[in-house]
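# Summary of structural features
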Amino acid sequence: MSEPATAAPKGSGLGGGYKAYALLILVGVYTSNFIDRQIIGTLGQAIKVDLKLTDLELGALSGIAFAILYSLIGVPIARIAERRSRTTIIAISIGLWSAFTAGCGLATNFLQLFLTRVGVGIGEAGCSPPAQSLISDYFSPRNRSTALGIYSLGIPLGSLFGALLGGKIAQLWGWRDAFFIVGLPGLLLAIIIKLTLKEPPRGGYDTVASDGPAPSFGAVLKKLFAAKSFPNLAAGATLGSLAGYGVAFFAVPYLLRGPFHLDIAQAGAAYGIVGGLAAAVGVFLGGAVTDLIGRMSRTGYAVIPALGFLACSPLYVWAFQQDDLATLASLIIAPLILQYLYLGPTFALTHNFVEPRMRATATALLFLPINLIGLGVGPPLVGWLSDTIAGRYFVAHAHDPRFKAICPGGKAAAHLPVDFHWTASQTGDLCHAASFHGVKWAIIIVSGVVFAWAGLHYLLAARTVKRDLAAAAT
């Protein structure tokens, strides 16, 4: 049941300077979140070689290990956030995921690393639902997409710093120390959150009273799915995330295996600087431009992401077929910007479809398929395709089906089978070529197909967005 309308919105009761500070702190939280989440992609090639993993296992460490409990626990944490202090939940969560990130450096095999990554996911489940709920109470609906877009800058900033720091630290001291060094500072950020971040009044900018009990979970579902555009919105965001996470996780391994002659520090810097800055531009533009266009036509909240995904798909395919690093870097900028246009508009629409005390839960429900399917499936899918294509490349050239045994971790085995008549040097070259061929075409296939598919769902959502927003406001 909807709560009674008030005469007029009362606002957050906080000054513009404090709201800017609060948003900056939350961007820092989300940046830390993505550093700890994504750094395993930068370190992936070193981990693969050290622990002798397949690309599927490598993808599972970023995807399934992280996403399962992260996705499922997010909903009950969001329900708590509708009733309890959101700032306290965020502070506890960042301390937990930071400790588990540091613990990844202690793992000596796939299972141990898998379990610590599960712990990181449990901690990070308490980040975005309460944080986005706070932002929607700090900022009015006119500026909500921009504010949520700025918050989402934590994604490219985290990827940038994770790639830069992870690559450099791994180059100097190894991949284990990289986990230790990036994980521990989050504990300090948790203290800052608890001591300085204020809880704004819930629903201060909305025409719905929010001082009563939080609506039931069923009421949230009913309200959210009353918006006919929401299922397509969620499907588009999920597919865009699937392709995005898959490509991002294997970007540094792609650079290290390719004909670019980079070490891990250089590959991390190349991916972090080009990818991080371009993605940051896309996230910011997606929020700001959509808020501007949305004042003229609310359909823009779905059309802008649709155009971004449809345009980035062929551009990614073109970029990843280049063998020259400078050409690749120049061509990858446009699709990265276009890919990230969807974040601010998608979160803003989700929040505007529901009442103030429903927003943390609505965010968690949106994140459920985004993370369970997008993050959970994306990296393992690219990894599986990479292994499959690499194996076929190996068979075609070596006329031997034992790719995994002869090329453990993508390198020639220390002791080759006696009936394998290639030299160690020839085998090493072939293993390397097969691994690069596999990851290259896995990225091309996923980015070419799935981003375009995501764009079609946003076009379908655009048909009813205007009506859904009008109905939600009544």
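Here is what the cut-offs are and how they apply
- Each chain has its residues counted from 1, running along the sequence as written.
- With the structure being a predicted model, the display of local features is reserved for residues of pLDDT at least 70 and the display and counting of side-chain atom pairs for 80 or more, all residues being used for whole-chain, interface and lining totals.
- Excluded from the side-chain calculation are hydrogens and water; included are all heavy atoms of the structure.
- Only the stretch in contact is used when a helix axis is fitted, and all axes are lines through C-alpha atoms; the angle between N-to-C directions ranges over 0 to 180 degrees.
- Helix and strand labels come from DSSP, where a helix needs a run of H or I of at least four residues and a strand needs a run of E of at least two; each type is numbered from the N terminus.
- Oblique is the label for every angle not falling under 35 degrees (roughly parallel), over 145 degrees (roughly antiparallel), or within 65 to 115 degrees (roughly perpendicular).
- What makes two residues a contact is simply this: any of their non-hydrogen atoms within 4.5 Å.
- Under this grouping Gly is polar, as are all residues other than the nonpolar Ala, Val, Leu, Ile, Met, Phe, Trp, Tyr, Cys and Pro and the charged Asp, Glu, Lys and Arg.
- Two cysteine sulfurs form what is called a disulfide whenever their separation falls within 2.5 Å.
- The pocket and cavity definitions rest on a 1 Å grid over protein atoms only: a 1.4 Å probe that fits but cannot leave marks a cavity, an open set with protein on both sides within 12 Å along at least five of seven lines marks a pocket, and residues lining either have an atom within 4 Å of a point.
- Grid points are joined across faces, edges and corners, and a volume is the space filled by probe spheres set on the points.
- Here a crossing is taken to be left-handed if its near helix is turned anticlockwise relative to the far helix by less than a right angle, and right-handed if that turn runs clockwise.
- To define a nonpolar core, start from buried Ala, Val, Leu, Ile, Met, Phe, Trp, Tyr and Cys residues and group those joined through side-chain atoms within 4.5 Å.
- Relative accessibility thresholds used throughout: buried, under 20% of the residue-type maximum; exposed, over 50%; partly exposed, between the two (1.4 Å probe, protein chains only).
- What counts as a salt bridge is simple: a side-chain nitrogen of Lys or Arg found within 4 Å of a carboxyl oxygen of Asp or Glu.
- The rule is short: rings of Phe, Tyr and Trp, with Trp giving its six-membered ring, pair when the centres are within 6.5 Å, and they are stacked under 30 degrees, edge-to-face over 60, tilted in between.

Moving on, we get to the packing of helix H3 (residues 64-81) against helix H18 (residues 359-398). At a minimum axis separation of 8 Å, H3 and H18 run at an interaxial angle of 180°. On the basis of their axis angle, the class for H3 and H18 is roughly antiparallel. Touching Ile64, Phe66, Ala67, Ile68, Tyr70, Ser71, Leu72, Gly74, Val75, Ala78, Arg79 and Ala81 of H3 are Ala360, Thr361, Ala364, Leu365, Leu368, Asn371, Leu372, Leu375, Gly376 and Pro380, all from H18. Partitioning the contact of H3 with H18 into residue classes produces 16 nonpolar, five polar and one charged.

A separate point is the state of the cysteines. The full count for this structure, using the stated rule, is one disulfide. Between the sulfur atoms of Cys407 and its disulfide mate Cys431 the distance is 1.9 Å. Measuring handedness by torsion sign, the sulfur bridge of Cys407 and Cys431 sits at about -75° and is left-handed. Within this pair, whereas Cys407 is found in the loop between helix H19 (403-406) and helix H20 (424-462), its partner Cys431 is found in helix H20, the two being separated by 24 residues in sequence. Left unpaired, Cys127 is separated from the closest cysteine sulfur, that of Cys104, by 17 Å.

Turning to the layout of surface pockets, a few remarks are in order. Within this model, the second largest pocket holds a volume of roughly 330 Å³. As for the second largest pocket, its lining consists of 23 residues, and the residues nearest its centre are Ala251, Tyr271, Gly275, Ile332 and Leu336. Counting residues per element, the ones that place at least two in the lining of the second largest pocket are helix H8 (154-173), helix H12 (230-249), helix H13 (251-257), helix H14 (264-294) and helix H16 (325-339). The residue inventory of the lining of the second largest pocket, partitioned by class, reads 18 nonpolar, five polar and no charged.

Before going further, it helps to examine the packing of helix H4 (residues 86-104) against helix H6 (residues 128-138). Relative orientation of the contacting elements H4 and H6 amounts to 145°, with a least axis distance of 9 Å. In terms of crossing hand, the pair formed by H4 and H6 is left-handed. Here Arg86, Thr87, Ile89 and Ile90 of H4 come into contact with H6, specifically with Pro130, Ala131, Ser133, Leu134 and Asp137. A breakdown of the residues in the contact of H4 with H6 according to their chemical character gives five nonpolar, two polar and two charged.

All chains considered together, the criterion is met by three cavities of 30 Å³ or more. One number sums up the size of the largest cavity: a volume of about 190 Å³. Considering the residues around the largest cavity, the lining is formed by 19 residues, among which Phe34, Ile155, Ser241, Tyr245 and Tyr342 are closest to the centre. Taken together, the elements giving at least two residues each to the lining of the largest cavity come down to helix H1 (16-51), H8, H12, helix H17 (343-352) and H18. Looking at which element gives the most residues to the lining of the largest cavity, the answer is H12, with five residues. Tallied by class, the residues present in the lining of the largest cavity amount to eleven nonpolar, seven polar and one charged. Considered as a void within the structure, the second largest cavity measures approximately 70 Å³ in volume. Every residue lining the second largest cavity is listed: Gln38, Gly41, Thr42, Ser62, Ser159, Ala248, Phe249, Val252 and Tyr271.

With that settled, consider the nonpolar core. Among the nonpolar cores identified, the biggest contains 131 residues, and Leu26, Ile47, Leu197, Tyr254 and Phe353 are the most heavily contacted of them. A per-element tally of this core places H1 first, with 14 residues. Dropping the residues within four chain positions of it, Tyr254 is found in contact with Phe260, Phe320, Gln322, Leu328, Phe436, Val439, Lys440 and Ile443. Formed by ten residues, the second largest nonpolar core is a distinct cluster that contains Phe394, Phe403, Ile406 and Leu430.

As a further point, take the side chain of Ser229. Looking at where Ser229 falls in the secondary structure, it is placed in the loop between helix H11 (217-225) and H12. On the basis of relative accessible area, Ser229 is assigned to the buried category, the value being 1%. If we ignore the near neighbours within four places in the chain, the residues touching Ser229 are Phe353, Ala461, Thr464, Val465 and Asp468.

Pairing between side chains of opposite charge can happen when the charged atoms of each approach one another. Applying the stated criterion to the full structure yields eight salt bridges. Among the ionic pairs, Arg257 bridges to Asp55, the shortest N-O distance being 2.7 Å. Remark: Asp55 occurs in helix H2 (residues 55-62) and Arg257 occurs in helix H13; sequence separation between them is 202 residues. Overall, the relative accessible area of 2% leaves Asp55 in the buried class. For Glu199, the salt bridge is made with Arg86, and the minimal N-O distance between the two is 3.0 Å. Residue Glu199 is located in the loop between helix H10 (186-196) and H11, and its partner Arg86 is located in helix H4; the two are separated by 113 residues in the primary sequence.

Our focus in this paragraph is the packing of aromatic side chains. One pair of aromatic rings is described through two measures. These are the centre distance and the angle between the planes. This model, assessed by the stated rule, comprises 20 aromatic pairs. For the ring pair Tyr18 and Tyr21, a centre distance of 5.8 Å and an interplane angle of 50° mean the geometry is tilted. Taken together, the positions of Tyr18 and Tyr21, both in helix H1 and three residues apart, correspond to about one turn of that helix. Accessibility expressed as a relative area gives 17% for Tyr18, which makes it buried. With 6.2 Å between their ring centres and 15° between their planes, Phe394 and Phe420 make a pair best called stacked. With Phe394 in helix H18 and Phe420 in the loop between H19 and H20, this residue pair connects regions lying 26 residues apart in the sequence. Given the relative accessible area of 0%, Phe394 is considered buried. What makes Phe420 buried here is its relative accessible area of 7%. Counting every residue linked through ring pairs, the aromatic cluster contains Tyr254, Phe260, Phe309, Tyr316, Phe320, Tyr342, Phe436, Phe451 and Tyr458.

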